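Summary of the model geometry
Residue strings, one per chain:
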Amino acid sequence: MKIDRYNVDTVNRIADHYGDILAALGEDPKREGLLKTPERVAKSLQFLTHGYDINPAEILKGAMFAEEYSQMVVVKDIEVYSLCEHHMLPFFGKAHIAYIPNGHIVGLSKIPRIVDAFARRLQVQERLTNEIRDCIHNTLAPLGVAVVMECRHLCMSMRGVQKQNSVTTTSAFTGEFAKERTRNEFLRLITASLD
Ligand SMILES: Nc1nc2c(ncn2[C@@H]2O[C@H](COP(=O)(O)OP(=O)(O)OP(=O)(O)O)[C@@H](O)[C@H]2O)c(=O)[nH]1
Ligand SMILES: [Zn+2]
């Protein structure tokens, strides 16, 4: 069943639960500062999970262009904001994505758009990495796709094990990127600076 994310009934339903949660946390949901909080949280959560309403493959299909360019295309330092599915706390960082065209290129902005479409859901970083790779691979049919993602998880810094500086790196490759030389070129390009 597809949920109508911004439907008033859905906002009210989520907000009602947050009223109960505030009370269970020992707060007074009726005090002035909190009166609108359940509704704000509901709308905020709906925004943070709006990726469920987006079809990432359709985004790519909408901007594919026949072109004979067959070198690696790299889009690096794409900001990522997601929510871990275990604690519903943010994890955030950067994605670096490359593909090698095979007759078609894709509009550059569509790469960050599909990152957002998958990131704005309840996720684990590994699945997010693989979903982005698979979407580009299956839709664009390039010679290869590479995705590297580096994120900090608030569930590991604000609570739990409370490690403030750990960064988690995940990666996923297809096609030509199975070759060490190609993968190394990608890794060199994402670590190179512009200046
Ligand atoms: N692999 C993976 N684990 C994640 C991700 N986000 C959060 N986690 C982990 O999910 C795990 C859930 O473990 P549990 O033992 O069920 O939960 P918990 O008792 O809250 O664990 P602690 O965080 O260790 O306090 C934790 O180890 C988190 O660090 C992610 O993107 N990928
Ligand atoms: Zn977590």
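Residues numbered from 1 in each chain as written. Chains lettered and ligands numbered in written order. Predicted model: local features only at pLDDT ≥ 70, side-chain atom pairs only at ≥ 80, totals over all residues. Heavy atoms only, no water.

So, about the coordination of the zinc ion (ligand 2). Around the zinc ion (ligand 2), the protein supplies Cys84 (SG), His87 (ND1) and Cys155 (SG) as donor atoms, at distances of 2.0 to 2.3 Å. Between the donor residues of the zinc ion (ligand 2), the gaps in sequence give the motif C-x2-H-x67-C. Here the residue Cys84 occupies a position in strand E2 (residues 73-84), and Cys155 occupies one in helix H6 (residues 154-157), the gap between them amounting to 71 residues. Note on accessibility: Cys84 and Cys155 belong to one class, buried. (Donors = N, O, S within 2.8 Å, 3.2 Å for Na, K, Ca; no water. Helix = DSSP H or I, 4+ residues; strand = E, 2+ residues; numbered from the N terminus. Buried < 20%, exposed > 50% of the residue type's maximum accessible area, 1.4 Å probe, protein only.)

If you check the backbone angles, Ala141 has positive phi at about 45 degrees while not being a glycine. Topologically, Ala141 is positioned in the loop between helix H5 (125-140) and strand E6 (144-153). Positive phi, close to 55 degrees, is recorded for Gln162, a residue that is not glycine. Note on placement: Gln162 falls in the loop between H6 and strand E7 (168-173). Overall, Gln162 belongs to the partly exposed group, its relative accessible area being 48%.

The subject of this paragraph is the site of ligand 1. Residues in close proximity to ligand 1 include Cys84, His86, His87, Val124, Gln125, Glu126, His153, Cys155, Met156, Arg159 and Gly160, which together make up its full environment. Take Glu126: an N or O atom from its side chain is 2.7 Å from a nitrogen atom of ligand 1. Contacts to ligand 1 include His153, whose side-chain N or O atom sits 3.3 Å from a nitrogen atom. Isolated, ligand 1 exposes 640 Å² of accessible area, and the fraction of that covered by the protein chains is 50%. Breaking the shell around ligand 1 down by element, the ones donating at least two residues are H5 and H6. (Near = heavy atom within 4 Å. Polar contact = N/O pair within 3.5 Å; in protein donor to acceptor, adjacent residues only side chain to side chain. Areas by Shrake-Rupley, 256 points an atom, 1.4 Å probe, with all protein chains shown as cover.)

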